[in-house]
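# Analysis of the macromolecular model
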Amino acid sequence: QTSEPPISRTASYTFYKEGRLKEATYEGRWVAGKPHGRGVLKWTDGRVYTGSFNNGLEDGLGEFVAPNKSLNKNDHYQGYWKDGKMHGLGSYRYASGEVYDGCFQDGMRHGHGMLRSGKLNTSSPSVFIGQWLQDKKTGYGVFDDITKGEKYMGMWQDHQRQGIGVVVTQFGLYYEGAFKDNKMMGTGILLSEDDTTYEGEFSDDWTLSGKGVLTMANGDYLEGSFSGEWGSGLKVTGSYFKPHLFDSDKDKNRAVKLGRLCVSAEEKWRAVFEECWTHLGCEAPGRGEHRTAWERIAEALTTNRQHLLDSPETLSLSHSRTLEGLEVVPDHEGPVTMERYHFIRLYLLKACDTPLHPLGRLLETLVAVYRMTYVGVGANRRLLQQAVNEIKSYLNRIFQIVRFLFPDLPAEGGVIPEPTENLQDQKQQTPSDSPMESPKPSRVVSSSALLLPVLLPRLYPPLFTLYALEKEKEDDVYWECVLRLNKQPDLALLAFLGVQQKFWPVSFPSSLSSLGETQQVISSTKDVCFASAVETLQQISTTFTPSDKLQVIQITFEEITQEVQSLLKQDFLWSMDDLFPVFLYVVLRARIRNLGSEVSLIEDLMDPCVQHGEHGIMFTTLKACYYQIQHEKIT
C-alpha cells in the first residue's frame, strides 16, 4: 500500500507542460503540490528567480536575473513580488547600465521612482526622480541632465515634458512656462543671470517666437514680435521704451512675478504621499480606519525588523532601541492634554528617525527629492520661494497624516489648555476681580511646531544655500559695514551708536587676575562689553528651526537686561529707544556672516501664532538692526 505524500516538503522538479514555467526547474519548498516558501526557479534561457513563493507563484521578497542577449549582460531585479510579478518596492539594474529604484505594480514601474542612466553610473549623465504610470514618466518629476547642465522640474506625460515646468541651467538661466512634446512651447518667462527678462511666446527650447516683452536689467524694455534663439542674435519687430525718462511711467512697475507658471507645491510629489497613505491602509488620503493604520504600522515595523535581525550588521544599537520604542502602539485616542501633546511630539521624532516606519520612510523620500531638486544646478536663487513653499506644503500634508493617526489632535491653530495647578487661588478671588483675570495659559497646535524640528535639520543645507544666494548683495553690504565698525573699541562704538552713558559698563570681571576683582573699561578695551549676550547671539547660526533661533534672540535680550540691571543696581523696564542701540551693538559685535539669510528664513517659516507675541517683537528688532547696519552712515 502507498502512503500519502507529505503535505509540505523540499524537492526538485522540472515542469514540462506548456505555459510560463515550461521546462523550468524548481528547487525548494512545496505545499500541497505547489511551490510555497523559499525556492529557486531556473528557466532554460538563463532566467533565475530566487526568493519566496506563495501558492505556486513568486510572492514576497525575491531576486531575479535575466540575461540580455544583445548586450551580453544581465538585467537584475531585487525587491518585492506579488502573484508572480514585480510589485512594491524594488531596484532594477538594466543591462544597459540604467538603474531604477522605486515602486512597481504588475511588473511595471508605477508610483514614485528614480531612474539613473549613464555608463557604469560613475558619471551618471542623467537622473529622473518622480512619478511613473504603467512604466512611463507621467505626473510631476525632476530631471537632472548632467551632460547639458540643465535641470527640469515640472509635469510629464508618456516620458515627455508636457504641461508646465521650470528649467534652470548651470549658466544661471531660468525659464518657467509651458512645455509641449518635450519642448518649451507656448507662454513662458525667461530670466538671465543679470535680470534681463523675456516674457512671451516660445516655439522650442530657448527659442523665442511670437509676441513678447524683453526687459533689460536697467528697466528699458522692447515690446513686439521676436524670433530666434536666446544667446544668439534675436530678430525683433517692435517698440523700444525707456520708462525712466518720464516720471508718470514710474508707477508702471515691470518687475516680473515668478511662480505663476510653475507647478504648485501641493501638486508636487503626490505619489510619495499616496504611497504613505497606502502603507497605512487608505485608498485615498484620509479615507480609511485609523485603527487599521496602527495595525499596519506595527506590522511594517515587525516584518522590517525581522529582515534586519536576519542581517544584524546593518542595525546600530541606537536604531534597534528606537525600533523597540516604536513597536508598542501608542495611546492614540482620547482628549489631547499637554502631556499627551509632548508624548505625540516625541513619538513623531522617533518615528521619523527610522525608514522602517511609514512616516520615517516618507521623510527619507522627501529629503531625497528635495535635495535632488535644489542641489547642484538647482541651487538657483530664483527657486527660493518655490523651495520655501515646498517645505510648507510638506508640513501641511504630513500634519494631515499625523491627525489621521491621532484623531483627537486639534487642527492647525487649535488650542490645548495647559494644566492649572492653583485651583484654590482661583476660588478665593472675589467676583469683582474676574474681568481682570489673565487668559489661561495654553498651547497653540501648529504643524510647524510639531514637524519642523524633524524636517528642517535635514533640508537645511540646500535651503540655506538658496537664502544665501538670494541675499548675497545685501549680506555683502551689511558685512562690509560690520567689519568696519568692529575696528572701533567698545566705548567708541557705544558712543557712535548713541547708547546712553548709564548703560556703559564701567568695569568688567577680569579673567586674568584673581576672582572677584574688576578691571576698568578703558578707551582701548575691545569685545568685553555685553560679551555674554554677544556669545549667545552667535549661536543663532548653529540652530535650525525658527523657534530655536527665536529662543536664542530671547536669551540674548535677557542677558543684556541682566547686565544692565547689575549696572543700575535696580529693576528696570526697557523702552525701545533705549534698547535698540544696545541691541545693535550686540548684533555688530556678534559678527554673524549671513544675518540676512537668517532673518529671511525665520520670517518665512516662523510659527504664525508667534508673530504678535514677545518673540515677534524681538525678531522685528533684530530685523531692524540688520537694515540699520546696511544703511549706517560711517562717519
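Reading the values: rules and limits
Residues numbered from 1 in each chain as written. Predicted model: local features only at pLDDT ≥ 70, side-chain atom pairs only at ≥ 80, totals over all residues. Heavy atoms only, no water. Helix = DSSP H or I, 4+ residues; strand = E, 2+ residues; numbered from the N terminus. Buried < 20%, exposed > 50% of the residue type's maximum accessible area, 1.4 Å probe, protein only. Contact = heavy atoms within 4.5 Å. Areas by Shrake-Rupley, 256 points an atom, 1.4 Å probe, with all protein chains shown as cover. Pairing = 2+ DSSP bridges. 1 Å grid on protein atoms, 1.4 Å probe; cavity = no way out; pocket = protein on both sides within 12 Å on 5 of 7 lines; lining within 4 Å. Points joined across faces, edges and corners; volume = space filled by probe spheres on them. Nonpolar A, V, L, I, M, F, W, Y, C, P; charged D, E, K, R; others polar. Domains from an automatic or database assignment. Salt bridge = Lys/Arg side-chain N within 4 Å of Asp/Glu carboxyl O. Axes fitted to C-alpha atoms, helices over the stretch in contact; angles between N-to-C directions. Parallel < 35°, antiparallel > 145°, perpendicular 65-115°, else oblique. Left-handed = near helix turned anticlockwise from the far one by under 90°. pLDDT = per-residue confidence, 0-100. Phe/Tyr/Trp six-rings, centres within 6.5 Å; stacked < 30°, edge-to-face > 60°. Lys NZ or Arg CZ within 6 Å of the ring centre and 35° of its normal.

## Focus: the overall build of the protein
The secondary structure content of the protein amounts to 15 helices and 23 strands. For the protein, with 635 residues in total, the buried portion stands at 45%. Long-range pairs, those at least 24 residues apart, make up 46% of the contacts in the protein with a sequence separation of at least 6. When the accessible surface of the protein is summed, it comes to about 32900 Å², and 53% of that surface belongs to carbon and sulfur atoms.

## Quick notes on the pairing of strand β16 (residues 197-204)
Inspection of the sheet shows strand β15 (residues 183-191) paired to β16 by 6 bridges, in the antiparallel sense. When the sheet's bridge partners are listed, G186 is paired in β16 with F202. In textbook terms, the turn of a hairpin is the stretch between consecutive antiparallel strands, and for β15 and β16 this stretch comprises 5 residues, one of which, D195, has a positive phi near 75°. Of the strand pairs in this sheet, β16 and strand β17 (residues 207-215) are connected by 6 bridges, and their pairing is antiparallel. Paired with G200 across the bridge in β17 is G212. Taking the residues between adjacent antiparallel strands as the criterion, β16 and β17 are bridged by 2 residues, where W206 takes a positive phi near 55°.

## Brief notes about the pairing of strand β3 (residues 34-42)
Note: strand β2 (residues 25-31) against β3, 6 bridges, orientation antiparallel. Residue T25 lies in a different strand from β3, and its bridge partner there is K42. Between the end of β2 and the start of β3, which pair antiparallel, lie 2 residues, with A32 showing a positive phi angle near 50°. Once β3 ends, the chain turns through 5 residues before running back antiparallel as strand β4 (residues 48-54), passing G46 with a positive phi of about 105°.

## Section: the layout of surface pockets
Considering only enclosed or pocket space, the second largest pocket measures out at about 540 Å³ in volume. Around the second largest pocket, the lining comprises 20 residues; the ones closest to its centre are L258, R382, L384, Q385 and Q386. Mapped onto the lining of the second largest pocket, the elements with two or more residues apiece are α6 (384-405), α8 (447-470) and α14 (595-605). Of the residues forming the lining of the second largest pocket, the biggest block, 4 residues, is contributed by α6. Looking at the lining of the second largest pocket residue by residue, the classes come out as 7 nonpolar, 6 polar and 7 charged. Domain assignment of the residues forming the lining of the second largest pocket places at least three in each of domain 1 (155-243 + 257-263) and domain 2 (270-418).

## Some remarks on the pattern of salt bridges
Counted by the stated rule, this structure contains 21 salt bridges. The residue K471 makes a salt bridge to E474 at a minimum N-O spacing of 3.8 Å. Since its relative accessible area comes to 29%, E474 is described here as partly exposed. A salt bridge links E598 to K549; its shortest N-O distance comes to 2.6 Å. Here E598, found in helix α14, pairs with K549, found in helix α12 (residues 546-568); they are 49 residues apart in sequence, far enough to count as distant. Like E598, the residue K549 is buried in the burial classification. One network of salt bridges, with partners in common, ties together D195, R381 and R382.

## Let's talk about the environment of F544
Relative to the helices and strands, F544 is located in the loop between α11 (531-538) and α12. On the basis of relative accessibility, which here comes to 34%, the residue F544 falls in the partly exposed class. C-alpha separation for the pair F544 and Y460, spaced 84 residues apart in sequence, amounts to 6.9 Å. Residues in contact with F544, not counting those within four places in the same chain, are L456, P457, Y460, K549 and L601.

## Observations regarding the packing of α8 against α14
Interhelical geometry of α8 versus α14 gives an angle of 135° and a closest axis separation of 11 Å. The orientation of α8 with respect to α14, classified from their angle, is oblique. Judged by the sense of rotation from one axis to the other, the crossing of α8 with α14 is right-handed. Across from L452, L456, Y460, L463, F464, Y467 and A468 in α8, the residues of α14 making contact are S597, E598, S600, L601, D604 and L605. Taken together, the residues that form the contact of α8 with α14 break down as 9 nonpolar, 2 polar and 2 charged.

## Some thoughts on the packing of helix α1 (residues 270-279) against α6
One way to put it is that α1 packs onto α6 with a least axis distance of 12 Å and a crossing angle of 10°. On the basis of their axis angle, the class for α1 and α6 is roughly parallel. Contacts between α1 and α6 involve R270, F273, C276 and W277 from the former and Y394, R397, I398, Q400, I401 and F404 from the latter. Its residues assigned to classes, the contact of α1 with α6 comprises 7 nonpolar, 1 polar and 2 charged.

## Thoughts on the environment of K136
By the element assignment, K136 lies in strand β11 (residues 136-145). A relative accessible area of 36% means that K136 is categorised as partly exposed. Put simply, K136 and H110 are 26 residues apart on the chain and 7.8 Å apart in space, counted from C-alpha to C-alpha.

## Here we look at α1
Listing the buried residues of α1 in full gives A271, V272, F273, E275, C276 and W277. Each element contacted by the buried residues of α1 is listed here: β7 (85-93), β8 (99-105), β9 (108-117), β10 (126-133), α5 (358-374) and α6. Of the residues one or two after α1, G281 is the one with positive phi, at around 80°.

## A short note on empty space enclosed by the protein
Following the criterion strictly, the structure yields 2 cavities of 30 Å³ or more and no others. In this structure, the largest cavity encloses a volume near 50 Å³. What lines the largest cavity is simply V272, E275, C276, H279, P358, R361, L362 and T365. Elements supplying a minimum of two residues to the lining of the largest cavity: α1 and α5. Its boundaries defined by the atoms lining it, the second largest cavity holds a volume of some 30 Å³.

## Observations concerning α14
Counting buried positions along α14 gives 9 out of 11 residues, so the element sits mostly inside the fold. Among all positions of α14, only L595, G596, S597, E598, V599, S600, L601, I602 and L605 are buried. Where α14 is buried, its residues touch α6, α8, α9 (472-485), α12, α13 (576-590) and α15 (614-630).

## Looking at the confidence of the model for the protein
When pLDDT is averaged across the protein, the result is 84; 87% of the residues are at 70 or more. Within the model, the stretch residues 422-438 combines pLDDT values under 50 with 3 contacts to residues more than four positions away or in other chains.

## Side note on the packing of aromatic side chains
Under the defined criterion, the tally for this structure stands at 40 aromatic pairs. Ring geometry for Y100 against W132: centres 5.2 Å apart, planes inclined by 85°, an arrangement best described as edge-to-face. Remark: W132 occurs in strand β10 and Y100 occurs in strand β8; sequence separation between them is 32 residues. Residues Y100 and W132 agree in their burial class; the two are buried. Measuring from ring centre to ring centre gives 5.5 Å for Y175 and F179, while their planes differ by 85°; the resulting arrangement is edge-to-face. What makes F179 buried here is its relative accessible area of 4%. The positively charged end of K137 is found above the aromatic ring belonging to F128, 5.4 Å away from the centroid. The ring of Y152 carries the charged tip of R161 above its face, separated from the ring centre by 5.4 Å.

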